[in-house]
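Coordinates in review
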Amino acid sequence: MTAPQDGPWLDAAAGRLVRPYTVSNGRTQPTTVLDLLSLVMATGATPLGYLGPEHSEALKLSAHPTSIAEIAAHLKLPAAVTKVLLSDLVDCGAITTKPPTFHDNPTDRSLLEAVLDGLRRQL
């Protein structure tokens, strides 16, 4: 039997039942500098201590290199909250991060055209 507080985290009609700041224990600043385009990947190390359901889900999403923006979208959480959760996982050694790498010029026309072509193929 489950306690009332063990109910669903999401409700189809009401949306998220837990406020985002509750997920991060009220913290607003990650302990690690993270960019939305940073890639995170699970290390395979077992995190020590308690992980909330969002931490566990973020860890699953990090099985392959995934951007922080993608993880935030999958978790349906604000990027700031996602960064706090991911920094917790970095601190306990469960994931590693790689900052975004740009070629010589991040606004290089050929790079932007390649991104646009990729997006068009997805539609």
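Treat the numbers as computed from the prediction; the structure is a model and nothing was measured. Note on numbering: residues in each chain are counted from 1, in written sequence order. Side-chain atom pairs in this predicted model are given and counted only at pLDDT of 80 or more, local residue features only at pLDDT of at least 70, and totals for whole chains, interfaces and linings cover all residues. Excluded from the side-chain calculation are hydrogens and water; included are all heavy atoms of the structure.

**Considering the overall build of the protein**
Under the scheme used here, helices are H or I runs from DSSP no shorter than 4 residues and strands are E runs no shorter than 2 residues, and both carry numbers assigned from the N terminus. Secondary structure assignment for the protein yields five helices and five strands. Going from the N terminus to the C terminus, the protein shows its helices and strands as β-β-α-β-α-β-α-α-β-α. Classification of the 123 residues of the protein by burial places 28% in the buried group. A separation threshold of at least 6 residues defines the contact pool for the protein, and within that pool the share at least 24 residues apart is 69%. Accessible surface, the protein: about 8,500 Å² in total, of which carbon and sulfur atoms supply 59%. Exposure categories follow from relative accessible area, calculated using a 1.4 Å probe and restricted to protein chains: below 20% of the type maximum is buried, above 50% is exposed, and the middle band is partly exposed. Any pair of residues with heavy atoms lying within 4.5 Å of one another is described as a contacting pair. Computed by Shrake-Rupley with a 1.4 Å probe, the accessible areas treat only the displayed protein chains as cover when residues are assessed.

**Brief notes about the sheet that holds strand β5 (residues 95-98)**
Strand-to-strand pairing in sheets goes through backbone hydrogen bonds, with the strands running parallel or antiparallel. On the basis of which strands lie adjacent, the open sheet formed by three strands has the order β4-β3-β5 and antiparallel pairing. Looking at strand neighbours, the two that pair on one side only are β4 (66-67) and β5, the edges of this open sheet. Two strands make a pair as long as DSSP finds a minimum of two bridges between them. Taken together, the four bridges between strand β3 (residues 39-42) and β5 define a ladder with antiparallel strand orientation. Bridge pairing in β5 places M41 opposite T96.

**A closer look at the environment of L61**
With respect to the helices and strands, L61 occurs in helix α2 (residues 53-61). The exposure class assigned to L61 is partly exposed, which follows from its relative accessible area of 22%. Counting along the chain gives 19 residues from L61 to A42, while the straight-line C-alpha distance between them is 8.6 Å. Excluding residues that lie within four positions of it along the chain, L61 makes contacts with T66, I71, H74 and L75.

**Digging into the environment of P65**
Along the polypeptide, P65 turns up in the loop between α2 and β4. Through-space distance from the C-alpha of P65 to that of S38 is 9.4 Å; in sequence the pair is 27 residues apart. Not counting residues within four places of it along the chain, the set of residues in contact with P65 comprises L39, V40 and M41.

**Overview of the packing of α2 against helix α4 (residues 79-91)**
Across the interface, α2 lies against α4 with an axial gap of 10 Å and an inter-helix angle of 75°. Between α2 and α4, the angle falls in the class roughly perpendicular. Across the interface between the two elements, E54, H55, A58 and L59 from α2 touch L85, L86, D88 and L89 from α4. Split into classes, the residues belonging to the contact of α2 with α4 amount to five nonpolar, one polar and two charged. Here the axes come from fitting lines to C-alpha atoms, over the contacting stretch only for helices, and the angles between their N-to-C directions go from 0 to 180 degrees. The scheme is simple: roughly parallel for angles under 35 degrees, roughly antiparallel for over 145, roughly perpendicular for 65 to 115, oblique for anything else. Amino acid classes used here: Ala, Val, Leu, Ile, Met, Phe, Trp, Tyr, Cys and Pro are nonpolar; Asp, Glu, Lys and Arg are charged; the rest, including Gly, are polar.

**Examining α4**
Here α4 spans 18 Å end to end across 13 residues, near enough to the 18 Å set by a 1.5 Å rise per residue. Among the residues of α4, those classed as buried are V81, T82, K83, V84, L85, L86, S87, D88 and L89. Phi turns positive one or two residues past the end of α4, at G93, with a value near 80°. The length a helix should cover is 1.5 Å for every residue beyond the first.

**As for the side chain of S87**
Mapped onto the elements, S87 comes out in helix α4. In contact with S87, other than residues within four places in its own chain, are P30, T31, T32 and L34.

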